[in-house]
Amino acid sequence: MKQDKQYWRSLAQIADTPEFREFLHREFPQGAAEMDNSWSRRSFLTLMGASMALAGLAGCRRPVEKVVPYVKQPEEVTVGVPQYYATTMPFGLSAYGLLVKSNEGRPTKIEGNSEHPSSRGATNIWAQSAILDLYDPDRSRLVLRDGVEANWNDFVTFWRERLIYFQANQGQGLALLSESFNSPTLARLASEFRKQFPKAIWATYEPISDENIYEGIRVATGRTLRPVYHVENAQVILALDSDFLQTESENVTAMRGFAEGRRVMSQSDPMNRLYVVESSYSVTGGMADHRLRLQSQLIGQFTLALAHELASHGLRLEFLDGGYAVPSWLDTKWVTAAAKDLLRNQGKSLLLAGRRQPPAVHALVAAVNAVLGNVGTTVTYHELKDAAVPSRAELTSLVQSLRSATIETLVMLGGDPVYNAPADLEFQSAMKKAKQIVHLASHINDTSKAVTWHVPQAHFLEIWGDVRSADGTASLIQPMIEPLFGGKSAIELLSHLTSGRDLRGYDIVRATWQPVFGPVAFESKWQRMLHDGLLGESAPPAVAHSIDDRSVRSAIQAGVPSDSPDAAGMEISFTVAHVWDGRFANNGWLQELPDSVTKLTWDNVAAMSDATAKALGVSSGELVRLTYRGATLEMPAWICPGHADNSISVPLGYGRENFGRVADNVGFNSYRLRFSEAADFAVGVQAARTGQMYELSSVQDHWSMEGRPIVREATYDEYKDKPDFKPEMIDHPPLVPPWNPHKYDTGYQWGMTIDLNACTGCNACTIACQSENNIPIVGKDQVSRGREMHWIRLDRYFAGSVEEPEMVHQPMACQHCENAPCENVCPVAATTHDKEGLNLMVYNRCIGTRYCSNNCPYKVRRFNFYNYTKDLPETQRMQQNPDVTVRFRGVMEKCTYCIQRIAGAKILAKRDGKEIADGEIVTACQQACPTQAIVFGNVNDPNSRVSQIKKANRNYGVLEEYFTSPRTTYLAKLRNPNPELGKTAAG
């Protein structure tokens with residue numbers, strides 16, 4: 001069938017404004033070739049921050065090294081050969097199993113641990129970018145007392161006096177505020193703390209957490225349980241304000257499971273169906289077969305209407321009241337179709353509610369899943385063992401105790417509550433009521449500036465620890481390097497607070513596991529757990545539970561509002577961005593990573609629909625004044641297609657001050673509008689235009705399809721009826737080469753496939769490529785000029801109306817064309833082809849003409865306008881991959897299919913006297929991809945996985961009518977719409 005959809009990137013493209021045409025039709029923005037001398041080297045270095053090796057300039061120390069060669073080389077070290085160690089990344093109540101590449105004692109790259117249930121060999125953007133946080137030059141380096149340099153021994157002396165005092169009064173006047181954790185050792189120490197100080201206060205707070213989910217399940221079941229979703233078993237999925245493919249907990253396994261249901265290799269393969277109800281477009285919404293835009297405050301009413309619709313078709317839902325009237329504003333056709341689909345797939349369906357929805361909605365979802373028979377197949381429930389669950393109520397109670405001056409000493413294990421606590425609590429003024437304040441923190445943040453004792457917190461790659469994953473599997477955290485700045489872990493500080501002894505993290509963690517393993521087999525089991533990164537078969541079985549219908553009914557009556565969309569005024573909804581709650585704001589990789597939907601970098605915005613923007617009289621980039629409960633914040637508006645009307649979405653985590661050279665003054669602090677009783681979304685915010693414009697840096701218009709069918713898609717039914725649709729998706733004469741092309745039919749021939757049906761646009765591949773290939777950040781100004789350096793970009797396209805568009809992502813990197821247009825125009829043969837079909841770049845030859853980029857139809861080459869490598873101190877190489885050349889000014893660069901990994905595999909194969917087996921070479925993007933959408937290998941091997949996929953009838957090459965013969969091909973995207981709702985994903 002012929003491709004009939006019209007794709008567009010932005011509202012400017014639809015309007016075809018002169019500014020859009022000017023940006024589109026020039027290969028490089030005006031003035032891009034000239035150096036801007038007003039941008040001094042000093043300001044450049046300040047901007048680059050953590051992406052450069054300023055850790056050395058800031059006083060970072062390297063591990064102790066001998067200045068002479070090894071007299072006796074350590075048995076476990078071969079110079080030039082990296083080693084891999086298993087560890088785990090704690091992330092709230094989640095834990096991601098990792099394998100960390102280490103080069104002569106310095107970690108350089110993070111991968112997923114294939115044996116770990118929460119990573120399954122993949123990673124997300126936060127795990128990939130954690131390596132950059134390790135080398136952050138702005139991490140805290142000193143113990144401070146009242147802002148003056150001290151040392152750890154000074155703190156030990158101080159606490160010994162405090163410890164005697166609190167032991168005498170059983171902890172009266174002592175309070176501890178921790179971040180959430182799921183750790184056997186921390187749980188043991190917390191138990192000892194409470195036993196030692198029974199009158200002390202312990203509170204747990206996390207600004208972004210699953211607190212609503214746990215509370216809703218407790219309401220429904222009477223127990224605090226953790227849901228584990230088995231998306232791979234679901235044929236029909238309904239996501240209610242749940243971006244489970246990107247920002248919700250356990251998103252790595254959720255993406256893998258979802259992709260398993262979309263991996264269609266022939267017309268006989270089944271395909272799952274996804275319904276999404278949300279206020280702002282998300283990655284999950286982009287993958288939807290049907291999407292309904294709805295204000296966050298109305299999703300509870302939608303869920304209740306769905307439950308009544310299920311009941312009307314015979315499903316016994318005892319918790320429902322009679323006499324329910326469907327709201328007039330609700331799309332009843334959408335509700336009916338979704339309900340019937342769920343009923344047809346009982347036991348194979350799944351409802352998920354996002355963390356922003358109130359507990360009543362989660363209780364309702366848990367009850368509906370149970371009655372549909374989904375428990376045990378698509379969702380299981382597990383005890384929260386060894387966990388500290390966050391609670392805003394505990395934080396509020398702690399603040400009240402502080403204000404009443406009953407707390408003498410406050411200890412905070414991590415976090416930054418002065419910055420991110422609800423605005424109405426006024427945490428800083430309450431905190432000052434305590435006589436002594438101790439804060440363990442990775443940076444001297446807003447909270448650290450106002451404490452008595454600041455203790456540097458070590459990075460998880462520098463410490464010993466343990467954690468439990470979502471299903472309860474226990475895993476270890478082991479250090480990859482000596483603490484660069486002498487930091488302490490939460491385990492070490494908490495142990496010292498309780499016992500007064502200065503113990504090593506290694507001994508503390510081993511003490512937890514000695515009773516578990518027993519004295520006889522301890523060392524062997526400990527070493528096995530250390531090697532694997534986890535304790536096999538340590539996950540407890542799922543727990544059985546029953547639904548308390550009366551409790552669910554009461555929660556619905558009290559917690560599901562019945563207002564109409566416009567009854568209470570404008571809605572503000574707080575969302576999650578790349579910097580999370582602000583803890584990653586000093587990570588240049590994440591700041592420069594374009595948002596998957598808005599494609600914005602280096603900022604957060606007030607996202608709204610086109611209709612809302614017109615009602616307010618604002619345009620994208622214009623500052624709007626948001627007012628809620630007397631708090632005011634000005635931030636730029638951004639018109640987002642598919643956004644719910646009368647609603648504004650605001651990402652958290654920006655607008656930091658004095659946190660780090662990358663984070664400072666980037667974006668706007670939306671925590672100022674966040675209150676205790678409206679921490680997820682609020683109704684009644686006032687928005688007014690200011691008439692002032694703010695410069696934003698978005699990459700959404702940097703490249704264009706130019707009306708060509710680069711993205712190709714069809715419906716699942718169309719594919720089944722006509723599986724050979726691919727050749728007819730573009731009208732052109734028969735493709736007959738005008739010359740006799742070279743035949744690449746001997747030896748290794750490398751190629752790649754990317755399944756658009758599995759790719760969610762999560763950006764993990766982009767960060768993995770940046771980490772692997774030493775790609776620098778360039779800053780907001782350079783991105784706005786079209787100079788972003790990412791070797792693989794995630795193009796985002798919309799199709800359909802501005803109000804109800806579909807969204808699709810397409811990864812785009814060097815296609816490694818067999819007939820590469822870039823090679824013919826290079827005057828110095830810097831870009832050339834090898835016998836294995838790779839398009840190579842010889843950096844030493846490149847003289848920067850940029851002819852190759854001008855001639856590339858895919859626009860995947862990047863040019864170094866500035867010298868990002870001059871005068872870099874040695875410490876920068878601590879993060880950089882030693883197997884990849886560091887480029888300099890005037891050099892063109894691009895994706896190389898990770899040629900360093902190909903070369904490494906060849907060396908090993910030659911040593912062992914064998915051929916490279918399929919799967920032995922895995923590119924960085926492929927290895928990180930949670931959905932396994934990317935496959936790489938030898939296309940000359942008919943049995944390789946990549947060769948088999950290229951034979952699929954969905955396989956196509958982008959712009960192959962130009963005879964470029966790209967080695968990267970794509971599998972066309974399929975959607976699986978419900979025939980009762982039509983063809984569009986927008987419902």
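See the structure above.
Residues numbered from 1 in each chain as written. Predicted model: local features only at pLDDT ≥ 70, side-chain atom pairs only at ≥ 80, totals over all residues. Heavy atoms only, no water.

Moving on, we get to the overall build of the protein. Per the secondary structure count, the protein includes 30 helices and 41 strands. For the protein, buried positions account for 63% of its 987 residues. Long-range contacts, defined here as pairs at least 24 residues apart, represent 76% of the contacts in the protein between residues at least 6 apart. Counting only carbon and sulfur atoms, one obtains 50% of the accessible surface of the protein, whose full area is about 36600 Å². (Helix = DSSP H or I, 4+ residues; strand = E, 2+ residues; numbered from the N terminus. Buried < 20%, exposed > 50% of the residue type's maximum accessible area, 1.4 Å probe, protein only. Contact = heavy atoms within 4.5 Å. Areas by Shrake-Rupley, 256 points an atom, 1.4 Å probe, with all protein chains shown as cover.)

Residues Leu626 and Trp750 are the most contacted members of the largest nonpolar core, which totals 127 residues. Here this core gets seven residues from one element, more than from any other, and that element is helix 5 (residues 125-134). When residues no more than four places from it in sequence are discounted, the contact partners of Trp750 are Glu836, Leu838, Tyr897, Ile902, Ile916, Ile921, Phe936, Gly937, Asn938, Val939 and Arg967. Judged by nonpolar contacts, the second largest core, of 69 residues, contains Ala234, Leu240, Phe319 and Tyr381. (Core = buried A, V, L, I, M, F, W, Y, C linked by side-chain atoms within 4.5 Å.)

Pairing in this open sheet of four strands is parallel, and the strands run 13-12-11-14 from one edge to the other. Of all strands in the sheet, those bounded by a partner on one side alone are strand 13 (290-293) and strand 14 (349-353). The average angle at which neighbouring strand axes cross in this sheet is 10°, direction not considered. Sheet topology places strand 11 (residues 236-240) next to strand 12 (residues 273-278); five bridges connect them, and they run parallel. Along strand 12, the bridge assignment pairs Val236 with Arg273. Each of strand 11, strand 12, strand 13 and strand 14 touches helix 12 (residues 332-344); the most contacted strand, strand 12, lies at about 140° to it. (Pairing = 2+ DSSP bridges. Axes fitted to C-alpha atoms, helices over the stretch in contact; angles between N-to-C directions.)

Now for the packing of helix 11 (residues 299-312) against helix 13 (residues 359-371). Two elements in contact, helix 11 and helix 13, have axes whose closest approach is 10 Å; the angle formed by their N-to-C orientations is 25°. In terms of axis orientation, helix 11 runs roughly parallel to helix 13. Crossing geometry of helix 11 relative to helix 13 is assigned as left-handed. Of the residues in helix 13, those touching helix 11 at Gly300, Thr303, Leu304, Ala307 and Leu310 are Val361, Leu364, Val365 and Val368. (Parallel < 35°, antiparallel > 145°, perpendicular 65-115°, else oblique. Left-handed = near helix turned anticlockwise from the far one by under 90°.)

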